[in-house]
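# A closer look at the structure
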Amino acid sequence: MIITVGIVGILSSIALPNYFRQIQRTHQAEANATMAQMMATVAAFSDEFGTQPKRWVDLNTMTTLMTNQGPAVIEDGELTKTITLPGERYQLNRINSMNADKYYVFEAIATNTAASDFNIIACIDLQTGASDQIIGRKDEAANINSLKCQGSSG
């Protein structure tokens, strides 16, 4: 009996951390898909209206960006205001860049501090259409300096 309990304990100590990492990667993949949809929506808005979106509600004219409270239409909903994605696992906001009128840099940060390395950073250049999206991995969060959108850092 003691040997069986010891074996189960050893197997659990190996399997449980991997299981929880996989759960976090699944949550990250969901937020990553939402981020990709949002980046396409930013580009579509710019193409359709000839101007850049300034508020979350602007993006909802193209496609609805959902939160737990419904569409992202927060009061004074500038894109720099943080919204919480469905499931309350990730918070999304725009990071101001040097050329904020044509470069959009967004970051999704896990609300669980134990999963802070599983962040997502994306950028889009509305003049050239260049975009990039990077996801953080265990022990290495995504870094804004790794994005490949010209002029996006700052």
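Notes on the structure in this doc start here. The structure displayed is predicted, hence computed values, not measured ones. (Residues numbered from 1 in each chain as written. Predicted model: local features only at pLDDT ≥ 70, side-chain atom pairs only at ≥ 80, totals over all residues. Heavy atoms only, no water.)

### Some points on the state of the cysteines
Selection rule: Cysteine sulfur atoms that come within 2.5 Å of each other are treated as a disulfide pair. Helix and strand assignments follow DSSP, with helices taken as H or I runs no shorter than four residues and strands as E runs no shorter than two, numbered in order from the N terminus.
For the structure on display, the rule yields one disulfide. What pairs with C123 in a disulfide is C149, and their sulfur atoms sit 2.2 Å apart. Residues C123 and C149 share a disulfide whose torsion about the S-S bond is about 95°; that sign makes it right-handed. Placement of C123 in strand β6 (residues 120-125) and of C149 in the segment after β7 (131-135) is noted, with a sequence separation of 26 residues between them.

### Comments concerning the packing of aromatic side chains
Formally: Stacked, tilted and edge-to-face are the three classes applied to pairs of Phe, Tyr and Trp rings, where Trp contributes its six-membered ring and a pair requires centres within 6.5 Å; stacked means planes under 30 degrees apart, edge-to-face means over 60, and tilted covers the rest. Three exposure classes are used, based on accessible area relative to the maximum for each residue type with a 1.4 Å probe and protein chains only: buried under 20%, partly exposed in between, and exposed over 50%.
The tally for this structure, following the rule as stated, stands at four aromatic pairs. Judged by centre distance (4.7 Å) and plane angle (45°), the ring pair of F45 and F49 falls under tilted. Placement of the pair is F45 and F49 together in helix α1 (residues 2-49), with a separation of four residues, close to one helical turn. Judged by its relative accessible area of 7%, F45 is buried. Taken together, a centroid distance of 6.2 Å and an interplanar angle of 50° make the contact between W56 and F106 tilted. Here W56 is found in helix α2 (residues 56-59), whereas its partner F106 is found in strand β5 (residues 103-110), with 50 residues between them in sequence. Both residues of the pair, W56 and F106, count as buried.

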